[in-house]
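Examining the three-dimensional arrangement
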Protein chains: 2
Amino acid sequence: MFVILVYDVGEKRVAKVLKTCRKYLNWVQNSVLEGEISLANYKKLKMELSQIIDKDEDSVIFYILRTTKYSERETLGIKKGGDDIII
Amino acid sequence: MFVILVYDVGEKRVAKVLKTCRKYLNWVQNSVLEGEISLANYKKLKMELSQIIDKDEDSVIFYILRTTKYSERETLGIKKGGDDIII
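Residues numbered from 1 in each chain as written. Chains lettered and ligands numbered in written order. Predicted model: local features only at pLDDT ≥ 70, side-chain atom pairs only at ≥ 80, totals over all residues. Heavy atoms only, no water.

Observations regarding the relation of the copies chain A and chain B
Mapping chain A onto chain B calls for a screw motion: a turn of 180 degrees about the axis and a shift of 0.0 Å along it, with 0.0 Å RMSD after fitting. Considering both components of the superposition, the chain copies are consistent with a two-fold axis. The share of interface residues of chain A whose copies in chain B are also at the interface is 100%, consistent with both copies meeting through the same surface. (Least-squares fit on C-alpha atoms with pLDDT ≥ 70 in both. Contact = heavy atoms within 4.5 Å.)

Brief notes about the packing of helix α1 (residues 11-22) of chain B against helix α2 (residues 39-50) of chain B
Residue and element names in this part refer to chain B. Put simply, α1 and α2 touch, their axes get as near as 10 Å, and they point 170 degrees apart. When the axes of α1 and α2 are compared, the pair comes out roughly antiparallel. Judged by residue contacts, Val 17, Thr 20 and Cys 21 of α1 engage Leu 45, Glu 48 and Leu 49 from α2. The residue makeup of the contact of α1 with α2, split by class, is four nonpolar, one polar and one charged. (Axes fitted to C-alpha atoms, helices over the stretch in contact; angles between N-to-C directions. Helix = DSSP H or I, 4+ residues; strand = E, 2+ residues; numbered from the N terminus. Parallel < 35°, antiparallel > 145°, perpendicular 65-115°, else oblique. Nonpolar A, V, L, I, M, F, W, Y, C, P; charged D, E, K, R; others polar.)

Topic: the sheet that holds strand β5 (residues 71-77) of chain A
Sheet strands pair via backbone hydrogen bonds, and the direction of the pair is either parallel or antiparallel. Within the open sheet, the five strands sit side by side as β5(A)-β4(B)-β1(B)-β3(B)-β2(B). Their pairing is antiparallel. Each having just a single partner strand, β5 of chain A together with β2 (26-29) of chain B make up the two edges of the open sheet. For this sheet, the mean angle separating the axes of adjacent strands, direction not counted, is 25 degrees. Here β5 of chain A pairs with strand β4 (residues 59-65) of chain B via seven bridges, running antiparallel. Along β4 of chain B, the bridge assignment pairs Thr 75 of chain A with Ile 61 of chain B. Docked against the sheet, α1 of chain B engages β1 (2-8), β2 and β3 (32-36) of chain B, running at close to 175 degrees with respect to β1 of chain B. Each of β5 of chain A together with β1 and β4 of chain B touches α2 of chain B; the most contacted strand, β4 of chain B, lies at about 175 degrees to it. (Pairing = 2+ DSSP bridges.)

So this is what it looks like as structure tokens:
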């Protein structure tokens, strides 16, 4: 499945959240990562993040696409992330 | 079509970009908006944003889902945006 992850977390936790996310997904833009991920790894990522974030202050949203057949991505301005993204 | 918009723009342009995006989409989280949008409005939004952003410095990414049938959204932590989001 393809996942788009966006996070809005407290300054103290940003580095750790980003480091954890980058183990599983590709950095695309400030607070945005994406990529193909297995269900098992998706569960691991969620579990690791839930041990890092402050559930009363932080927000992490996962958009889960079971197929990318009906979706596409368009960019205005510069492309910040790498080119190994396949949507 | 359903669109997820994420932006990473210079401080001076953030307010104008957000104000423009909110005319068409729902604010979900810092630099993230989403919602159903017609093709005509999507084109208008892109045109308005391209007149605001600095194409050499800023980045706006649109994830376009022609159907939300194969996608879902999960949140860790708090829900920052409104509840009128339908994915």
